[in-house]
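# Structure at a glance
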Amino acid sequence: MVTTIPQTPNTPIQSVLIVGNYCHDVLLQGGAVVAETLGGAASFISNVLTGLSVSFHLTSKVGVDFKYPVNHDPIVVPTSKTTVFHAYFDQGYSVNAHQDRVLKRIEVCDPINPSDLPDRKFDFGMAVGVGGEILPETLERMVEICDAVFVDIQALIRAFDENGTVKLVRLKESGFYHLLPRLKFLKASSDEALFMEVEEVRQWCCVVVTHGKDGCEVYWKDGEMKIAPFGANQIDPTGAGDSFLGGFVGGLVHGLVVPDAALVGNFFGSLTVAHIGLPKFDLRLLQRIKEEVQTRKVQCTCWLERRDDEVSFTKPAGHDEFHASLSSSKLVSAECRRDLSRSPGSVEQVIRPQYKGQQKFLLNSVYDKSN
Ligand SMILES: Nc1ncnc2c1ncn2[C@@H]1O[C@H](COP(=O)(O)OP(=O)(O)OP(=O)(O)O)[C@@H](O)[C@H]1O
Ligand SMILES: O[C@H]1[C@H](O)[C@@H](O)[C@H](O)[C@@H](O)[C@H]1O
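Residues numbered from 1 in each chain as written. Chains lettered and ligands numbered in written order. Predicted model: local features only at pLDDT ≥ 70, side-chain atom pairs only at ≥ 80, totals over all residues. Heavy atoms only, no water.

### Let's talk about the overall build of the protein
Assigned secondary structure in the protein consists of nine helices and 17 strands. Within the span of the protein, comprising 371 residues, buried residues form 58% of the whole. Summarising the internal contacts of the protein: among those between residues at least 6 apart in sequence, 70% fall at separations of at least 24. Of the roughly 15,200 Å² of accessible surface on the protein, 52% is carried by carbon and sulfur atoms. (Helix = DSSP H or I, 4+ residues; strand = E, 2+ residues; numbered from the N terminus. Buried < 20%, exposed > 50% of the residue type's maximum accessible area, 1.4 Å probe, protein only. Contact = heavy atoms within 4.5 Å. Areas by Shrake-Rupley, 256 points an atom, 1.4 Å probe, with all protein chains shown as cover.)

### Considering the environment of K221
Along the chain, K221 falls in the loop between β15 (216-220) and β16 (223-227). The contact partners of K221, leaving out residues within four places of it in the chain, are R202 and Q203.

### Things to note about the packing of helix α1 (residues 41-51) against helix α6 (residues 240-253)
Remark: α1 packs on α6, axes separated minimally by 8 Å, with the N-to-C direction vectors making an angle of 40°. With respect to their mutual orientation, α1 and α6 come out oblique. Between α1 and α6 the crossing geometry is right-handed. Contact with α1, carried on its side by A41, F44, I45, V48 and L49, involves D242, S243, L245, G246, G247 and G250 of α6 and no other residues of that element. Across the contact of α1 with α6, the residue classes break down as six nonpolar, four polar and one charged. (Axes fitted to C-alpha atoms, helices over the stretch in contact; angles between N-to-C directions. Parallel < 35°, antiparallel > 145°, perpendicular 65-115°, else oblique. Left-handed = near helix turned anticlockwise from the far one by under 90°. Nonpolar A, V, L, I, M, F, W, Y, C, P; charged D, E, K, R; others polar.)

### Topic: the state of the cysteines
For the structure shown, the criterion picks out zero disulfides. A disulfide-free cysteine, C206 has its sulfur positioned 7.3 Å from the sulfur of C205, the nearest such atom. According to the relative accessible area criterion, C206 is buried, its value standing at 5%. (Disulfide = S-S within 2.5 Å.)

### Some points on α6
Taking 1.5 Å per residue as the helical rise, α6 with its 14 residues ought to reach 20 Å, and the 20 Å between its terminal C-alpha atoms agrees with that figure. In terms of residue burial, α6 counts as a mostly covered element, since 14 of its 14 residues are buried. Where α6 ends, the next residue or the one after it, G255, has phi of about 100°, a positive value. (Expected span 1.5 Å × (residues − 1).)

### Observations concerning the pattern of salt bridges
Taken as a whole, this structure holds 14 salt bridges when the rule is applied. One salt bridge in this structure joins E144 and R141, with 3.1 Å as the shortest N-O distance. One end of the pair is E144 and the other is R141, both in helix α2 (residues 136-145) and three residues apart, which spans about a single turn. With a relative accessible area of 40%, E144 lands in the partly exposed category. Between E197 and R170 there is a salt bridge whose closest N-O contact spans 2.8 Å. Here R170 lies in the loop between β12 (166-168) and β13 (185-189) and E197 lies in the loop between α4 (190-193) and α5 (198-201), a separation of 27 residues in the sequence. Taking the relative accessible area as the measure of exposure, E197 reaches 29% and is therefore partly exposed. Judged by its relative accessible area of 30%, R170 falls in the partly exposed class. Taken together, the shared-partner salt bridges connect R170, K172, E197 and E200 into one network. (Salt bridge = Lys/Arg side-chain N within 4 Å of Asp/Glu carboxyl O.)

### A few points about the confidence of the model for the protein
Residues at a pLDDT of 70 or more form 80% of the protein, whose mean pLDDT is 87. In this model residues 1-7 is a low-confidence stretch, pLDDT under 50, and it forms 19 contacts with partners more than four residues away in sequence or in other chains. Contacts for the low-pLDDT stretch residues 365-371, under 50 throughout, to residues beyond four places or in other chains number 23 contacts. (pLDDT = per-residue confidence, 0-100.)

### Structural notes on the pairing of β15
Across the five residues of β15, five count as buried, placing the element largely inside the fold. Going residue by residue along β15, you find C216, V218 and W220 tucked away on one face and E217 and Y219 tucked away on the opposite face as well. Bridge count for strand β14 (residues 206-210) against β15 is four bridges, and the pairing is antiparallel. In the strand pairing of β15, V209 is matched with E217. Adjacent in sequence and paired antiparallel, β14 and β15 are bridged by five residues, among which G212 carries a positive phi angle near 50°. Between β15 and the antiparallel strand that follows it, β16, lie two residues. (Pairing = 2+ DSSP bridges.)

### Comments concerning the sheet that holds β14
The mixed open sheet is built from eight strands, whose spatial order is β4-β1-β9-β10-β13-β14-β15-β16. A strand with exactly one partner marks an edge of an open sheet, and here the two such strands are β4 (57-59) and β16. Here the average twist between neighbouring strands, direction ignored, is 15°. Relative to β4, strand β1 (residues 16-19) runs parallel, the two being bridged by three bridges. Bridge pairing links I18 to L58 in β4. Of the strands in this sheet, β1, β4 and β9 (122-127) are in contact with α1, which crosses β1 at around 155°. Seen against the sheet, α2 touches β1, β9 and β10 (146-152) and runs at an angle of roughly 145° to β10.

### Looking at helix α7 (residues 258-272)
Over its 15 residues, α7 runs 21 Å from end to end, which matches the ideal 21 Å to within 8%, given 1.5 Å per residue. The buried fraction of α7 amounts to 15 of the 15 residues, a majority that puts the element mostly inside the structure.

This is the structure:
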């Protein structure tokens, strides 16, 4: 299903394909359900790309029980249930030492097969599975039809024990390793990066490691770069990495260079942790961000024209000022909270009444990323 975004001079023309299942997320703490929300990396990424006026095609599968209204219809599989995750925010380190919360896949929808993908070419492809739905042959097909493929490592290295608890396997043993030289970007959280050899993988494709409140780091063949974070009042970390990837790809689609696009990624990651579940972005904030991105693109284009070295990964002049202008746009947001209910991508989510005052309630992970 394709989003149609009204064409303006600022609407990018690159085509984007998102591949990954929507899911139902249930957030639990202290033995109680705190919230039930639409989940899946595909939903967080669509939300960010829509906010940035980037149109895209989405391939996602759900069961007949899928319960959220979405702008991009998934494939409904009559014989399957929608993937469901339970996220436990207070289970100890002992369960899985590398993760900030314990995730259990309670239901699983069908995998996405190569034949489910559209039969056409795209500029950018995003492989963003959550429950093992992306198969090696599906990623291979994406590489064939997309000029640049971006992968969230969670789509490749998740395994599930008999109770559905998410375990991570080493990237080398994942069945996807042979495809790495054909990818453009591989994104991993710092917990997930422990399951890959960054030094080896960066020889083939660019690796982006996200570090929660500390921002992210970009590694490519000949260099690496830290990208500064934005402040946030963290309430729920769910989807931060997905929104980061949406902002990163959205920035690239709009013509930003990698370090600036990673800043946009950090920005959307920081907005997401301040909400339970899928964030509703403030319309004026989105407008301001798009204007900042356009201004930045023009600045960089002028700057790039004056240089002939390898520039796409170099932190360009004015990067820190771009950070400052994105940061100050959050003030706009604070001034117009009443617009929240009218923002795009709003979906019905159920937050238990006792937790409705979000500020009072933190879904603290076993080690809180906001500290
Ligand atoms: N507490 C925070 N404050 C500010 N920014 C944050 C915070 N947490 C996350 N972010 C932003 O979001 C990005 C992604 O976060 P993180 O590294 O936690 O990803 P993740 O573990 O994949 O997230 P998740 O699995 O919860 O979706 C970070 O690089 C950062 O830019
Ligand atoms: O909705 C969330 C989100 O997409 C997370 O990135 C993923 O780790 C979880 O599995 C999913 O339930």
